[in-house]
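Each chain, letter by letter, is given below.
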Amino acid sequence: MPKPTFPAVSILGYPRIGPNRELKKALESHWAQRTDEAALHAAARELQNSDLAKLTELGLDPTDASLPGDFAYYDQVLDATVALSALPTRFADLAETNGTIDTAASFILARGDESRAPLEMTKWFDTNYHYLVPEIGETSPIKANALPLVESFKSHAAKGHTIRPVLVGPISYLLLAKAEDRAAVGFDPLDRIDEVVDAYAQILVSLAAAGAPWVQLDEPALVTDRGAALAVPGALAQAVYTKLAAATQRPAILVTTGYGTAGDSARPGATAGLLARAGIEAVHVDLVRGAIPQAGFLGDLAGSTLVGGIVDSRNIWRNDLSASLALLTSLGAEVDKAGGTLAVGTATSLQHVPHDVALESNLPAHLPEWLAFANQKVAEAIILAKGINEGAAVIAAELSAAESAISRRTGFSGTTVARVRERLGNLTTVDFRRADAGIRKDAQEQALALPPLPTTTIGSFPQTTEVRAARAAHRSGTLDEAAYEGFLKEEIARVVALQEKLGLDVLVHGEAERNDMVQYFAENFDGFSETENGWVQSYGSRATRPSILWGDVTRPAAFTVPWITHAASLTDKPLKGMLTGPVTILAWSFIRDDVPLALSANQVALALRDEIADLQEAGIGIIQVDEPALRELLPLRAADQSAYLNWAVDSFRLARSGAADSTQIHTHLCYSEFGEIIEAIDALDADVTSIEAARSRMEVTEDLTSYGYSRGIGPGVYDIHSPRVPSTQEISELIGIALGSLDPKALWINPDCGLKTRGYAETEASLANLVEAAAAARANL
Ligand code: GLN
Ligand code: ZN
């Protein structure tokens, strides 16, 4: 029997939060108990209907499963947990009588309750999206629950939308999971693959019974080193998909592999061929981040469809349609030779880009025509499918419109700024180096005269409703410049006075003027622009509005200096200036696709270098350059990592190497496990590194010292991610652990991270305990 052919064009997924963040509003009002669950479901269904109608209007066929059913209230991995009824043992009491997880229980997994922390949240591949980590044990439940998927399919079908249900695939699900704490040493969630595959097979059968012609299983983990090893001939992926393909009465299956190259990266396309031979009807490859399948590697596609993910779904640039068409045409010839059919799609789900450029009215005039958000990208995929199926002539107008927009982009005055390029061209190795750490240390001891075990914070103080209201009023024009400045200065004075009262040693200004640690910098540099509605889901109901880096970066004027010097003028204690580092600024922005990221990083570094010079000139003796995203951009494949770390570290060093020996440079890292980047952290060569460490009970401190890191270190002594106030005793214990592996002269005492999301009550109480614990430790030195 011939395999069914996948639609000529589709997308892997669509933003879920809604063009006006409808889902956020519905979720948050439900969580606040202002609306009941029925109202939440109704709001979500209405949003989904209007999204599907939009996709249909843009040209996706509503009758042939071109429409992705990738809706999720909170997270797609959480939804797979629900589909598998995979309740971690510590949440076992939440199970319904038939073992399933209902909506209310899923929110407890996502958000925790009085007695339990939620599922851990971690970054989804190398993106800024966070998923909820499944916790699997030897005997934790795994039982198919197709009902939510089936109901969703049916209700959309009733409205004329034949969706393609989307589910994280079985291998990725288990690779993204972690073993339950109580599991035996050596237990690996992947040990449970057989049961998981059986459950998926049952879900497929239920979906077929509901009438779903296609289902999409996302297997992005096959592009990581660990997953890639499972995606070669004879390995797990072949067995898993042979088994799923053999399920009787199932929908046709699309397996997607976004975020890189699946399987052996020296044989791009081979995994697609392998899955096709296993009996899978359609396999997707990422043509943006992944390698282009080469002649010969696809092997035998056995009548399957290869979905070419040609439209970039991680970035917001208008597609170079001519180049894409050429690529698809030659790939199409290879696919044809291998016995398959080529379809057009996106590189990954469009969940990583905002909805629609048309919602922007404040972008600089040159920018809109360079951009494509989700809706524009859907249109691009449709045009490209038309081009390969009906010939380039049919889409001549679109090709030429894209070409002229791209040539205006290349030629635009801010795209390439000669004096920036010249300055970069003139850099030599000395621009990346400071004097030896020992020399700096002596100079800083003299200049700063700090007590042993100095106490400090990471930068931000609570952003109260008043602070946010003042910023909003300033933005909208109801609070004028002078009044806003006055408000911020008072806020700074309050924060400085509080720190003095608490007895902290190194003070900060509190960052009240910053909406966001990246956007604030983007707003003050040329080469970046901000959107009004460019929201992208970060996790759950939270979304961020990444800035767009479109040109060479320059700094028109010093911008942090006035606030920081104002704070310094109010105290005799040393005041630490606060900047965001180049890698983090880029990681949380949409970046250029026309220059290497390393080049943009060095441009941002030079702008920061000028700011550091100005801060130093204004008498600021301690400057912190935050790089919390250093680990986040680490390439998924080990083979690509050292090249990244080299330029990432270099950009940090370039930013801070203009500082005098006596100026103490701090950095701050958080949000991740640091095991793989210890060497890079040392290579940053900061005088003091503050680092998230409370939850891991100082693990990283040991890792760093055993690596040979010997400068200042501030392992966080309490977790700021919850309002809980740590006792003096708890903090003392952590200080004790740190002192076990550290030279006391190197240790700083600080919280894990900035305090911006906390309230003042817990912040004051926690910092008071921190100061007390530090004093006790000092007395015992
Ligand atoms: N200086 C920033 C703050 O305190 C650092 C935030 C972070 O590390 N994520 O808010
Ligand atoms: Zn942090």
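Cut-offs used in this document
- Residues numbered from 1 in each chain as written.
- Chains lettered and ligands numbered in written order.
- Predicted model: local features only at pLDDT ≥ 70, side-chain atom pairs only at ≥ 80, totals over all residues.
- UniProt positions renumbered as here; feature names shortened; annotations may be inferred.
- Near = placed C-beta within 6 Å.
- Nonpolar A, V, L, I, M, F, W, Y, C, P; charged D, E, K, R; others polar.
- Pairing = 2+ DSSP bridges.
- Helix = DSSP H or I, 4+ residues; strand = E, 2+ residues; numbered from the N terminus.
- Axes fitted to C-alpha atoms, helices over the stretch in contact; angles between N-to-C directions.
- Buried ≥ 20, exposed ≤ 12 C-beta atoms within 10 Å, placed from the backbone.
- Right-handed = clockwise from strand over helix to strand, strands pointing away.
- Core = buried A, V, L, I, M, F, W, Y, C linked by C-beta atoms within 7 Å.
- Contact = placed C-beta atoms within 7 Å.
- Expected span 1.5 Å × (residues − 1).
- Arc of directions from axis to C-beta.

As annotated in an unreviewed UniProt entry, the protein carries the name 5-methyltetrahydropteroyltriglutamate--homocysteine S-methyltransferase and is attributed to Paeniglutamicibacter antarcticus. Annotation of the protein in UniProt includes, under Cofactor (unreviewed entry), the sentence "Zn(2+)".

### Let's talk about the site of ligand 1
Not every one of the 13 residues close to ligand 1 is listed here, only the nearest: Ile458, Gly459, Ser460, Pro628 and Gly754. Partitioned by chemical class, the residues of the shell around ligand 1 number six nonpolar, four polar and three charged.

### Quick look at the sheet that holds strand E18 (residues 664-669)
On the basis of which strands lie adjacent, the open sheet formed by five strands has the order E16-E17-E18-E19-E20 and parallel pairing. Each end of this open sheet is capped by a strand with a single partner; those strands are strand E16 (576-580) and strand E20 (712-715). With direction set aside, neighbouring strand axes in the sheet form an average angle of 20°.

### Some thoughts on the pairing of strand E8 (residues 252-256)
Most of E8 sits inside the fold, with five of its five residues counted as buried. Side chains Ala252, Leu254 and Thr256 of E8 all project onto a buried face; the interleaved residues Ile253 and Val255 project onto the opposite face, where all are buried too. Each parallel crossover has a hand, and the one from E8 via helix H10 (residues 270-277) to strand E9 (residues 282-286) is right-handed.

### Considering the nonpolar core
With 232 residues, the main nonpolar core has Ile280, Val344 and Leu384 as its most contacted residues. Among the elements that make up this core, the one with the highest residue count is helix H21 (residues 597-617) (nine residues). Those residues in contact with Ile280 that lie beyond four places of it in its chain are Tyr241, Ala245, Ile253, Val255, Leu275 and Ser304.

### Focus: helix H25 (residues 728-741)
Counted at 1.5 Å a residue, the expected span for H25 with its 14 residues is 20 Å, and the 21 Å between its end C-alpha atoms agrees. Listing the buried residues of H25 in full gives Ile731, Ser732, Leu734, Ile735 and Ala738. All buried residues of H25 fall inside an arc of 165° around its axis, so they share one side. Those residues of H25 that are exposed and angled more than 90 degrees off the buried face are Gln729 and Gly740. On the buried face of H25, the contacting elements are helix H24 (699-707), E20 and helix H26 (760-779).

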